[in-house]
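Single-letter residue listing:
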Amino acid sequence: MVIEQLEAQVRAELPADARAGARVRVAVVHEGQEVAVVYRVDRNGKRVFNYYCAGVRMERPTLLMLLCSEGACPKAQEVQQRWRAFNGRAD
């Protein structure tokens, strides 16, 4: 899956001794849209993932539904339809 691969890549690239403010970003183009994962160290020293599609930040479950290729999944279809509407594209 695209998300897991990106997460593994950013985990590998962020040094173990990284301090607050450090970050690594990787992105791929998936079906014409840039999908990015940022792995960063927040101000409290906690490592945090951030997820983006076409420059829009979103939660991991939403991005997973957006990238879901299972045509029979009603939840994924709903998220994908809302995304198309958000981007001004008709079904």
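Refer to the structure printed above.
Residues numbered from 1 in each chain as written. Predicted model: local features only at pLDDT ≥ 70, side-chain atom pairs only at ≥ 80, totals over all residues. Heavy atoms only, no water.

## A closer look at helix H3 (residues 74-86)
Given 3.6 residues per helical turn, the α-helix brings residues three or four places apart onto the same face.
Link 1 in the chain: For H3, spanning 13 residues, the distance from its first C-alpha to its last is 18 Å, which sits close to the expected 18 Å at 1.5 Å a residue.
Link 2 in the chain: All of the buried residues along H3 are Ala76, Val79, Gln80 and Trp83. Viewed along the axis of H3, the buried residues span an arc of 95 degrees, placing them on a single side of the element. Turned more than 90 degrees away from the buried face of H3 sit Pro74 and Ala85, all of them exposed.
Link 3 in the chain: Where the residues of H3 are buried, they touch strand S2 (33-41), strand S3 (47-53), strand S4 (56-58) and helix H2 (60-67). (Helix = DSSP H or I, 4+ residues; strand = E, 2+ residues; numbered from the N terminus. Expected span 1.5 Å × (residues − 1). Buried < 20%, exposed > 50% of the residue type's maximum accessible area, 1.4 Å probe, protein only. Arc of directions from axis to C-beta. Contact = heavy atoms within 4.5 Å.)

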